[in-house]
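What follows is each chain in one-letter form.
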Amino acid sequence: MSNSFIRIIQNPILLRHLDRVAFKTSIDFITVESPLVLPEGVNPTMIIFEIEMENAIELISKWKAKWPKCFLAAAVTNPDKELWMAANAAGCDLVSNRGSLPILLRKKIEAYLAGVEKLIPETMRLMAKPVVNPGDGLIARLPDNPEDPICVFRIGNEYFGIRDVCPHAGFSLADGDFDASTGIVTCPEHGSRFNVHSGERVRGPADYSIKTYPVTIEGNDIYVHV
Ligand code: FES
């Protein structure tokens, strides 16, 4: 399958630096003006974009759900710690200031094309701690892992892992109310709502969506892929 490196970049300096990356690595970027006009039928290898782009955090969640193997790289122009953390939490693979992004990408692309490194590291399969619950709702927690705490919800025969940290003020979503008919969990502290299918923020005060994780069941064991 051929590689598709997509860039959605407005800043002319960054565009020039990415042109040099393309030249040095012998790749061609597909340049699009807006995330709304991504080419049809393309399974992207990499998407490079500016974090200040409208709805960037929502798009990270959507792209990751649609193309889990696509490497997402975000350029930050104005340092904003919250936005930076939200991008990471939503599943962005690389968040970097605009000046250093091109060199990081060049190294990444060279290693990938040489077969030395995968763009997306292999996931780890971690066993979650079950919560006694015979029905729908919270069925497991994964408090200790290389990422943030994760919790797992069940709806019928489907299982959904989400980051168990509310992006508003960090409270545990596992402790919130869960509506199995909609898949929406409500943060117990200030009422932000998230859809566990996609991680989408349905209601504030949280500004951002949450990261989701694949879950598999083997016998009585619940595994989260991190
Ligand atoms: S901590 Fe979740 S809404 Fe405030």
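A quick note: this is a predicted structure, and the numbers were derived from the prediction, not measured.

Reading guide: rules and limits
- All residue numbers here refer to positions counted from 1 along the written sequence of the relevant chain.
- Local features in this predicted model are restricted to residues whose pLDDT is 70 or higher, and side-chain atom pairs enter the listing and the counts only when it is 80 or higher, whereas totals over whole chains, interfaces and linings include all residues.
- To obtain the side-chain values, all non-hydrogen atoms of the structure were used and water was disregarded.
- Note that patches include only residues with greater than 30% relative accessible area and no salt bridge, and the join distances are 9 Å for like charges and 5 Å for nonpolar side chains (Val, Leu, Ile, Met, Phe, Trp, Tyr).
- In short, Shrake-Rupley with a 1.4 Å probe defines the accessible areas, and a residue's cover is counted only from the protein chains shown.
- Salt bridge, as used here, is a side-chain nitrogen of Lys or Arg placed within 4 Å of a carboxyl oxygen of Asp or Glu.
- Counted charges follow a simple rule, with Lys and Arg positive, Asp and Glu negative, and His plus the chain ends left uncounted.
- Taken as the charge centre is NZ of Lys, CZ of Arg, CG of Asp or CD of Glu, depending on the residue.
- Secondary structure elements are taken from DSSP: a helix is a run of H or I of four residues or more, a strand is a run of E of two residues or more, and numbering for both begins at the N terminus.
- Between any two strands, at least two bridges found by DSSP are needed for them to pair.
- Where helices are involved, their axes are fitted lines through C-alpha atoms of the stretch in contact, as for all axes, and angles between N-to-C directions lie from 0 to 180°.
- The source of the domain bounds is an automatic or database domain assignment.
- Any pair of residues with heavy atoms lying within 4.5 Å of one another is described as a contacting pair.
- Throughout, the accessible surface (probe 1.4 Å) given up by two parts as they are put together, summed over both, is called the buried area.
- Expected helix span is computed as 1.5 Å times (number of residues minus one).
- Partly exposed residues are those whose accessible area sits between 20% and 50% of the maximum for their type, while under 20% is buried and over 50% is exposed, using a 1.4 Å probe and protein chains only.

## A few points about a negative patch on the surface
In step 1: Together, Glu52, Asp80, Glu82 and Asp207 line one region of the surface with negative charge.
In step 2: Along the chain, Glu82 falls in helix H3 (residues 81-90).

## Concerning the sheet that holds strand E14 (residues 201-203)
In step 1: Pairing is antiparallel in the open sheet, where 4 strands are placed in the order E11-E12-E13-E14. The strands lining the two open edges of the sheet, one partner per strand, are strand E11 (177-179) and E14. The mean inter-strand angle of the sheet, taken between neighbouring strand axes irrespective of direction, is 25°.

## Things to note about the pairing of strand E16 (residues 215-218)
In step 1: Pairing between E16 and strand E17 (residues 221-225): 4 bridges, direction antiparallel. Bridge pairing in E17 places Glu218 opposite Asp221.
In step 2: Here E16 folds back onto E17, and the loop between the two strands holds 2 residues, one of which, Gly219, carries a positive phi near 65°.

## Considerations on the domain arrangement of the protein chain
The figure often quoted for interface size is the accessible area lost as the parts come together.
In step 1: Domain annotation of the protein chain identifies domain 1 (5-113) and domain 2 (125-225).
In step 2: For domain 1 versus domain 2, the separation of C-alpha centres amounts to 27 Å.
In step 3: Contacts between the two partners involve 10 residues from domain 1 and, on the opposite side, 9 residues from domain 2.
In step 4: At the boundary of domain 1 with domain 2, total buried surface from both sides reaches about 700 Å², with 53% on carbon and sulfur atoms.
In step 5: Sorting the residues of domain 1 by area buried against domain 2 places Glu58, Ser61 and Ala89 first, and these three jointly supply 51% of that buried surface.
In step 6: Summed over the shared surface of domain 1 and domain 2, the result is 0 salt bridges.

## Remarks on helix H4 (residues 101-113)
In step 1: If you check H4, its first and last C-alpha atoms are 18 Å apart, about what 13 residues at 1.5 Å a residue would give, namely 18 Å.
In step 2: Within H4, the full set of buried residues consists of Leu101, Pro102, Leu105, Ile109 and Ala111.
In step 3: Turning to H4, the residues buried within the fold contact strand E1 (5-8), helix H1 (12-25), strand E3 (46-50), strand E4 (71-76) and strand E5 (94-97).

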